[in-house]
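Commentary on secondary and tertiary structure
Here is what each chain is made of, one letter per residue.
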Amino acid sequence: MTMHDVSLPSYLEQSPEVSARFRRIAERPVVLKVNRLGKTFDGVKGRIQALHDISFQVRRREFISIIGPSGCGKSTLVRILAGLDDHSAGEILLDDREVTGPGRDRGMVFQGYTLFPWLTVLKNVMFGLELSNSSNGISGVSAEQEARGWIEMVGLEAFADAYPHELSGGMKQRVAIARALANRPRILLMDEPFGALDAQTRAKMQSYLLQIWKNVDITILFITHDLEEAIYLSDRIVVLKANPGEIQEVIEVPVEHPRSPEQFLSQEFLATKKRLEELIHPAKDAEDMLPIIRMTQVGDDVY
Amino acid sequence: MARARYFIIWKELDPRRRRVFQVFSFIIPLAVWSLVSYCPAVWHPMVRVSDPGSIGHFRVDAMVQKGAFYRENAKALAEHRKPAQGVLANPVYLPAPHEVAKSFYKAFVTPPRLPEEPWLHESLWHSIKIIIWGFLISSVIAVPLGILAGTYRIFSYMTEPFVEFFRYLPAPAFAALSVAVLGIYDGPKVAIIVIGTFFQQVLMISNTTQRLDPALLEAAQTLGARGLKLFTRVVIPGILPDVYRDMRILLGWAWTYLIVAEVVGNSTGITWFINQQAKYRIYDNVYAAIIMIGIIGITTDIFLAWLGSELFVWKSRKRSILSRLRTVYTTSRTEPETAQVSHDNA
Ligand SMILES: Nc1ncnc2c1ncn2[C@@H]1O[C@H](COP(=O)(O)OP(=O)(O)O)[C@@H](O)[C@H]1O
Ligand SMILES: [Mg+2]
C-alpha cells in the first residue's frame, strides 16, 4: 500500500469547523445508550462470546458507523439493538428507556431488502403507518398521503404501484429506507444495507442516504465492513474486533461536512482510512499466506 | 440457425420448442398405442372370425387365439374340409384409438340400458360432486389447522404426531366403517375422500407455512407488528400463493381416491359406469371414461394454474401492462440505475 508511505496528518487532528461540529453534537441529547452489552451463543462447539463489554452512546441526529472484520458481531449487535435477539449482559437505553423486544421506535434496514413481495411499493411504505392507524386513529387517506411523501423523497413516485420484484436492488433498498422512516423512528439501524449492490449503485445510495439524513430528523446507526463507506458517511466510527467482539476504538471522523466524493482523496480522509486499516488489518501475519506449491515453469512468472 | 442445445442442465427452451415437446408428451403414448393397434406385426394375438367355414365351434365375429385358429384350420385342411377365415386382431380389452374416439361421443348419446340408470354425463357430474364435497370438507378444517401448526409450535406439537400416524392408514381401510356410520349413499364416499386428503393436507400446508422467509417476520416486527397482526399481515399473505399451489396438488390426489370411494356402498358415478361397461365388455367405453377423468383433471388444473397466476401477480412475476408502460417511461428519463428495473424478470 503506497498510502502508508505518504506523510499524512494524524486522524486525530481536526479543523476548527470539524471540532466545532463535534462540540455541537456533544450538546445534543443522547438517543441511544449501550451499557456494557454482552452476548454469548451456546453453539455446538461450546459457548461463543460474540460481544463483550460494548458501551457507546449515540446523540440525536448523529451518524454513527460500526465497522469490523467479518464475524466480529456487527449483525449480532444491531439485531440486539433492534430487539430481534436477546442480550446476555448489560443494557440498552433508548431515550433513557430500557429496550425489550422490537418496536417501531427503532427502524431497521436489512441487507436482504425484506420488502413484502405481495405488497406494492406504496403498500410496503404504508405497512407501519397502517399498523399504528388502529391505535391512534390516523385515517387511511392520510396514511397514504404520508407514504407517498416518503416515496417521493426517495425518488420512486413513478413506482408507487409496482411490486418489489419489478425493482432493482438499489430501488428496493430505497423503498426499505422509506418504509422504515415512515414510522418516524428515533433511530434508523442499517445492517450493511448496500452490501449486495454494485459499486456504482452503492455510491449513489450513499449520496441519497446523506441527503435523507440532512433533511429528515433521524439518527442513524450504520453497519458496514467498507472502510471508505464508513468514513464518507459517518460522524463517528466504532471499530470492533473479533473473538470476542469488543470495541477497539471510537474514531471522530475529521472530514468536513457537507460530504462529497471528492473528499475521498483529502488528507483527513486518507489519514482516517490509514488508521482504520491499521486497526482492522493489522500487519500481515503468516495466516494470510496460502501453502501453495509452485505449479508453473521457472521463468514463466507473472511478476 | 443456431443449433439448439437441449442437454444443458436447467436450461430453459425457447417457447416454441417447449410447446412442441409438450405436444410430443401426448403424441408419443398415442403413437405407441396406434402402432400396437394398427400394425398387425407388432402384437395382434387374436383372430376375429369372419367365416367359420366347417369349424363347428367358431362363430362370426368371435375372437379366437391365433394358435388355436391355425391349429383348427390345419386340421380342417388335412381332412379336406372348408377352413375358417378371419383377420388378426388385438384382444377386446385393447381397442384401437379411433374406436375409443368414437365411443367418446357415443358414450354420451347412448341412453342407459335400464331406465333408472344414469346417463354418462350424470355419472360424471355425480363423481365431480363427490370430489368437491370431499375436498371442501377436508380443506375447511385442514387449511386453518395446517397454517396454525406451521405458525405456532403449540399447534404443531398438538396435531402433527397424530396426523403423521394417521396418514399411514390407507383410506379404503375405513370403507366398511364409514358405510356402517354414514349409510350406503354418498356419505361414505365423501368420507373416503376426506380421510384420504385431510392428513396430507394438514402436513403439507404446515410445511409450506414454515417455509415463509423469517426475515419478513423480523422486518414486520421492526415496523411495529406484533402478535395477531404478524399472523394476519405477514404469515397469511406471505404463504397464500404457496397454499394455493398445494391445494392444486391435493385436488389431484383427491381424484385418485375417487375410484375407491365410489365402490363403497352402492357403486355410483364414473366408477359405476366403468365397471358396468367392463361387465358388458364394451372396453372402448371404459377407455373413454378413464380418459375423460384425465381430461377433467388436467383442464381443472390448467384453469386453476391460470387463475393463480392472475391472483398472485407478485408471485408469478407477471407484470401488468400498466407497470410495464410506467417502467419504460421512467427509464427513458431518469438515472441509469433504474435501467436495471427488469433484470430479475429476464
Ligand atoms: N445464532 C447464532 N448461533 C451461534 N453463533 C452465532 C449466531 N449468530 C452469530 N453467531 C456467531 O457470532 C459471531 C458474530 O456474528 P455476526 O454478528 O453475524 O458477525 P458480522 O455481522 O460482524 O459478520 C460469529 O462468530 C458467529 O458465528
Ligand atoms: Mg453481518
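Residues numbered from 1 in each chain as written. Chains lettered and ligands numbered in written order. Predicted model: local features only at pLDDT ≥ 70, side-chain atom pairs only at ≥ 80, totals over all residues. Heavy atoms only, no water.

What to know about the overall build of chain A
- When helices and strands are tallied, chain A shows eight helices and 10 strands.
- A compact globule built from 303 residues would reach a C-alpha radius of gyration of about 19 Å, and chain A, at 21 Å, matches this within 12%.
- Put simply, chain A has 303 residues, and 50% of those count as buried. (Helix = DSSP H or I, 4+ residues; strand = E, 2+ residues; numbered from the N terminus. Rg over C-alpha atoms; globule rule 2.2 N^0.38 Å. Buried < 20%, exposed > 50% of the residue type's maximum accessible area, 1.4 Å probe, protein only.)

Some remarks on the nonpolar core
- By size, the foremost hydrophobic cluster in this structure holds 62 residues, and its most contacted members are A:Phe116, A:Trp118, A:Phe127, B:Leu120, B:Ala220, B:Val234 and B:Ile270.
- Looking at this core element by element, the count peaks at 12 residues for helix 9 (residues 227–256) of chain B.
- Filtering out sequence-adjacent residues up to four positions away, A:Trp118 remains in contact with A:Tyr163, B:Leu216, B:Arg233, B:Val234, B:Pro237, B:Gly238 and B:Trp314.
- By size, the runner-up hydrophobic cluster in this structure holds 59 residues, among which are A:Ile67, A:Val154, A:Leu188 and A:Phe269. (Core = buried A, V, L, I, M, F, W, Y, C linked by side-chain atoms within 4.5 Å. Contact = heavy atoms within 4.5 Å.)

Focus: a nonpolar patch on the surface
- Among the surface-exposed residues, B:Tyr6, B:Phe7, B:Val20, B:Phe21, B:Val23, B:Phe24, B:Ile27, B:Ile28 and B:Val32 lie close enough to one another that they form a single nonpolar patch of about 900 Å² accessible area.
- Among the structural elements, B:Tyr6 can be located in the segment before helix 1 (15–38). (Patch = residues over 30% accessible without salt bridge, like charges linked within 9 Å, V, L, I, M, F, W, Y side chains within 5 Å. Areas by Shrake-Rupley, 256 points an atom, 1.4 Å probe, with all protein chains shown as cover. Salt bridge = Lys/Arg side-chain N within 4 Å of Asp/Glu carboxyl O.)

Quick look at the confidence of the model for chain B
Residues and elements named next belong to chain B.
- Chain-level pLDDT for chain B is 89 on average; 90% of the residues reach the 70-or-more range.
- Every residue in residues 333–346 scores below 50 in pLDDT, and together they form 38 contacts with partners more than four places removed in sequence or on other chains.
- Note on the complex model: pTM 0.85, ipTM 0.90. (pLDDT = per-residue confidence, 0-100.)

Topic: the pattern of salt bridges
All names here are of chain A.
- Using the criterion set out here, one finds 27 salt bridges over all chains in the structure.
- For the salt bridge of arginine 79 with aspartate 85, the shortest nitrogen-to-oxygen distance reads 3.0 Å.
- Since its relative accessible area comes to 24%, aspartate 85 is described here as partly exposed.
- Between glutamate 278 and arginine 275 there is a salt bridge, with the nearest N and O atoms lying 3.4 Å from each other.

Brief notes about the environment of A:Asp191
- Following the sequence through the fold, A:Asp191 ends up in strand 7 (residues 187–191).
- Separated by 82 residues in sequence, A:Asp191 and A:Val109 have C-alpha atoms that sit 6.4 Å apart.

Quick notes on the sheet that holds strand 1 (residues 30–43) of chain A
Residues and elements named next belong to chain A.
- The strand order across the open sheet built from four strands is 2-1-4-5, with neighbouring strands paired in antiparallel fashion. Whereas interior strands pair on both sides, the edge strands pair on one side only; in this sheet they are strand 2 (46–59) and strand 5 (97–98).
- As paired strands, strand 4 (residues 89–94) and strand 5 are joined by two bridges and run antiparallel to one another. Each bridged residue has a counterpart across the sheet, and for leucine 93 the counterpart in strand 5 is glutamate 98.
- Sheet strands in contact with helix 2 (residues 74–82) are strand 1, strand 2 and strand 4, and its direction is about 120° off that of strand 1. (Pairing = 2+ DSSP bridges. Axes fitted to C-alpha atoms, helices over the stretch in contact; angles between N-to-C directions.)

Thoughts on the site of ligand 1
All names here are of chain A.
- Neighbouring residues of ligand 1: Phe41, Ala50, Pro69, Ser70, Gly71, Cys72, Gly73, Lys74, Ser75 and Thr76.
- Within the contact set of ligand 1, an oxygen atom lies 2.7 Å away from a backbone nitrogen or oxygen of glycine 71.
- Between an oxygen atom of ligand 1 and a side-chain N or O atom of threonine 76, the distance comes to 2.5 Å.
- Out of a free accessible area of 560 Å², ligand 1 has 60% covered by protein chains. (Near = heavy atom within 4 Å. Polar contact = N/O pair within 3.5 Å; in protein donor to acceptor, adjacent residues only side chain to side chain.)

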